[in-house]
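One letter stands for each residue in the lines below.
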Amino acid sequence: MYRMKALLMVAMLLLLVAMPIAAQDAAEVTFMRFFGECADEFGETTDLSEAYGECGIIQTLANSFNATQDEIHVNTVVVDWPGVTELNANLAAGTPPDIMVLHGRRIPNYASRGLLTPLGDVLAGAGIDAEDLTDSARGFVEYNGELYGIPLDLHGHLWHINVDHWAAAGLVNEDGSPDIPYGMDEFMSHAEQFKEATGLPFLGMWTNGLSRNWMALVYQQEGGTVEAEDGMPDINTEAGLNALNFLIMLRDEGHITDNVDYAASQEIFLNGENGGHINGTWVVNFYDNQVADPEGALKNYYVHNFPTVYDQPAAWAGSHAWIIPQGDDPDPATLEATLTFLRYLNDNNIEWARTGHSAVNKSVVESDVYNTYPHRQEYAEFVPSAVIPPRENWSTAFESVMDEELSAAMIGEKSPEQALADAQTRLEDFALFE
Amino acid sequence: MMTAFSVERMVNSLFGLLEAFNPIAEPYRRFHEKLPPKMQQTVTAFMFILPFGVLYAIFTILPIFQTFYISLHKWEIMGTNIRYIGLKNFERLLTRDTQFHQAFEQTILFVALTIPIIFVGLFFALMLNRPIKGIGIFRTIFYLPNIIAVTVIGLIWSRVFASSGRGLINAFLENFDAGPIPFLDQGDLATLVVAFTTLWWTVGFSMLIFLAGLQDISQALYDAAEVDGANRRQQFRHITIPGLRRPFAFLCILQVIASFQIFGQVDVMTGGGPAGNTRTIVYNIFETSFLYFQVGYGTAMAVIMFAVLLVISLFQLALFRDQGVGS
């Protein structure tokens, strides 16, 4: 018995020695994030100027924080986008991460349940100036007047354009920039001219996830909304039907590439198989790098705000935000270490803005460096036109329900009217059950 | 703050747990010696299965009862906002939730589409039950997909069937100016693709069970039939098929249960789309519980599925019992 125990102990001790263990005296901070896995390329990078793309920059931020001090060690846990499943499972198991990136629109769901640490009283002590946050970004992390996170960016949908194709269709200005249409008539006229000249679709978008584009088109109409005054979903409206019919019409007339998912829609654009592509701020840096690729089909890239086809500009917008899911009564030492890392992330917000996302600190937005980032001025009107999803609990299901019903209308399984009526019923049911 | 996992502490705890039984070891030995010999054997047998029984009760029986309990509550995944609501989850589920109804219909369709796996498995088993040189290699190849993780299977086939020119099949069709076929973006096609993927992935298991069944049939029966002048078809009908009743019954029950529980392929390949056309009950449970937080409601769906599977399994067992299987 004792011999066996001794053998087991030796084996276990050897195992422990072989396991990578962080320095005993450094405080550990568990950092959960999505944005992909890129340890192969950026696992050892600590120089922020060498990093690019969402994954590269976020990975390098964590690396450089670990490299610049030895009191706190950040352990990165990469999860699948949008990270909600992993967060919920960890919360249920009582092992939430110390800090995590979450979409700002999800904050009310967690804050209302007491799962997030309120930050209003602790930020100043940690050297984070909440007054420096832009109003639009701050709105994402507030709930009932309290701050429950620090925004990382304001992101949203833009119009990515292949300028060479536009030039071939005669749709460029004298300075070579694209002649951006404004309003339905101009937009359709451009689309027709483009198709006639090039034989390619004018626009691309992933047709299995149309809720964001549909929502933007709703808000472009006078009085258009998806939320009633009482906070309930308001989907089955005239503006909603107009927006959906417009998307179907684009498809029917061959102006958008049909039946494509996110990856395919991106590839089609980068292969030069359409004139433009609706995608997020998050790909600006990536597409800009593609232009430098001598073998790439995209040679002349321009990015503009989401197309305005109705009365006023509007674009779907979201925000990535840092949250601290340590509840109402966090361990002070853990919170202190986490806030130190949070301050580092916030201080380096300008690095994250290189991805193409809009910065969230006024000091960064007004800085010269920020405004000289590639293409930044081309979509300068994105922030003023940004529309954020409703701050209601039913918005948790908004995108998935709407994507599904809009898709049903696009592939002809339901009439547009039926699809919107079904979406309304499903979201109402969800809202009432909450 | 994450604390380092200590294996040493765990081992010590385990030994500590065993040592905790020391005080009762001697009294138990005295009690055991006083029992009649026959009783001693019975008690010893029970003591051996007791650890398993306790663990089985904790990790299998208890969760089943817990599932029923949670289904009667509004219960969020993080353990927040727990409130008893009686049968309201079931009322919503059965009367208003069109998404669940669609998922239920979709699951039935998947069950119907994947039942042929059994017959394909039988066909492969018959082909591979021959004394050919190197037959083991073929058996391994046919069984191989079954040991691959569902995520890998899903990724492979979603690349093959991708709707645009990125997909292997559509890229091939492009060479002939055909396609692209929207395999994963049209409801019916996506359903067929997921069913086909399931077949490819799991047919090896059916094949293996039938192969074992075929090798259980005595060669003497075939020899006798041959002497009596029975041809191959007659031998198959009167010897092979009756000999495979048990594996057939076993696979029927397992296949129906597995098809009802289809999840991984859907999650990786279609995410329940397009337009909810491939959303199955288990995927619906996952969405409701983990993405929408409503674990009480999701659990009610699981209870419904449990009831349906129980009825189907009992029906199948009764049916096979009537046919002499298991007697």
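Residues numbered from 1 in each chain as written. Chains lettered and ligands numbered in written order. Predicted model: local features only at pLDDT ≥ 70, side-chain atom pairs only at ≥ 80, totals over all residues.

On to the overall build of chain A. Helices and strands together make up the secondary structure of chain A, namely 19 helices and 12 strands. Over its C-alpha atoms, taken along the principal directions, chain A stretches across nearly 85 × 55 × 50 Å. Each of the 434 residues in chain A was classed as buried or not, and the buried ones make up 48%. For chain A, contacts bridging at least 24 residues in sequence account for 75% of all contacts bridging at least 6. (Helix = DSSP H or I, 4+ residues; strand = E, 2+ residues; numbered from the N terminus. Buried ≥ 20, exposed ≤ 12 C-beta atoms within 10 Å, placed from the backbone. Contact = placed C-beta atoms within 7 Å.)

So, about the domain arrangement of chain A. Residues and elements named next belong to chain A. On domain assignment, one finds that chain A holds domain 1 (23–154 + 319–347) and domain 2 (157–316 + 382–433). The C-alpha-based centres of domain 1 and domain 2 are spaced at 30 Å. At the level of secondary structure, the elements contributing two or more residues to the side of domain 1 that touches domain 2 comprise α3 (53–68), α5 (107–111) and α6 (135–141). Counting residues per element, the side of domain 1 that touches domain 2 draws most heavily on α6, which supplies 3 residues. For the side of domain 1 that touches domain 2, the class distribution of residues is 4 nonpolar, 4 polar and 3 charged. (Domains from an automatic or database assignment. Nonpolar A, V, L, I, M, F, W, Y, C, P; charged D, E, K, R; others polar.)

The subject of this paragraph is the interface of chain B and chain A. If you look at the interface, chain B gives 31 residues, while chain A gives 38 residues. Listed by contribution, the elements that provide at least two residues to the side of chain B that touches chain A are α1 (7–19) and α15 (281–291) of chain B. Broken down by element, the residue count for the side of chain B that touches chain A peaks at 4 residues, all from α1(B). Grouping the constituent residues of the side of chain B that touches chain A by class yields 16 nonpolar, 10 polar and 5 charged.

All names here are of chain A. Examined against the element boundaries, valine 218 turns out to sit in helix α9 (residues 211–219). Given 26 C-beta atoms within a 10 Å radius, valine 218 is considered buried. Here the alpha-carbon distance between valine 218 and glutamate 238, two residues 20 residues apart in the chain, equals 9.1 Å.

To continue, consider the pairing of strand β1 (residues 27–33) of chain A. In the case of a regular strand, side chains alternate between the two sheet surfaces. All names here are of chain A. Looking at chain direction, β1 and strand β2 (residues 72–78) are connected through 7 bridges and run parallel. Residue pairing in the sheet places phenylalanine 31 in a bridge with threonine 76 of β2. Direction of pairing for β1 relative to strand β3 (residues 99–103): parallel, over a ladder of 2 bridges. Bridge pairing in β3 places phenylalanine 31 opposite isoleucine 99. (Pairing = 2+ DSSP bridges.)

Take the domain arrangement of chain B next. Structurally, chain B comprises domain 1 (7–55) and domain 2 (90–322). Relative to domain 2 of chain B, the C-alpha centre of domain 1 of chain B lies at a distance of 44 Å.

On to the sheet that holds strand β11 (residues 320–323) of chain A, then. Residues and elements named next belong to chain A. If you trace the 5 strands from one edge of the open sheet to the other, you get β2-β1-β3-β11-β6, paired in mixed fashion. Edge positions in the open sheet fall to β2 and β6 (150–151), since each of these has one partner strand only. Of the pairings in the sheet, the one linking β6 to β11 comprises 2 bridges and is antiparallel in character. By the bridge assignment for β11, proline 151 is matched with alanine 321. Relative to β2, α3 is tilted by about 160°, and along the sheet it contacts β1 and β2. (Axes fitted to C-alpha atoms, helices over the stretch in contact; angles between N-to-C directions.)

The next thing to look at is the pairing of β3(A). Residues and elements named next belong to chain A. Of all 5 residues in β3, 5 are buried; the element is thus mostly enclosed. Burial along β3 is two-sided: the residues Ile99, Val101 and His103 and Met100 and Leu102 are all buried. Bridge count for β3 against β11 is 4 bridges, and the pairing is antiparallel. Among the inter-strand pairings, methionine 100 is bridged to a residue of β11, identified as isoleucine 323.

All names here are of chain B. At a minimum axis separation of 8 Å, helix α5 (residues 98–114) and helix α13 (residues 245–260) run at an interaxial angle of 140°. Comparing their axes, α13 and α5 come out oblique. Along this stretch, α5 crosses α13, giving a crossing that reads as right-handed. Residues Thr107, Phe110, Val111 and Thr114 of α5 pack against Gln255, Val256, Ser259 and Phe260 of α13. Of the residues that constitute the contact of α5 with α13, the class distribution is 4 nonpolar, 4 polar and no charged. (Parallel < 35°, antiparallel > 145°, perpendicular 65-115°, else oblique. Left-handed = near helix turned anticlockwise from the far one by under 90°.)

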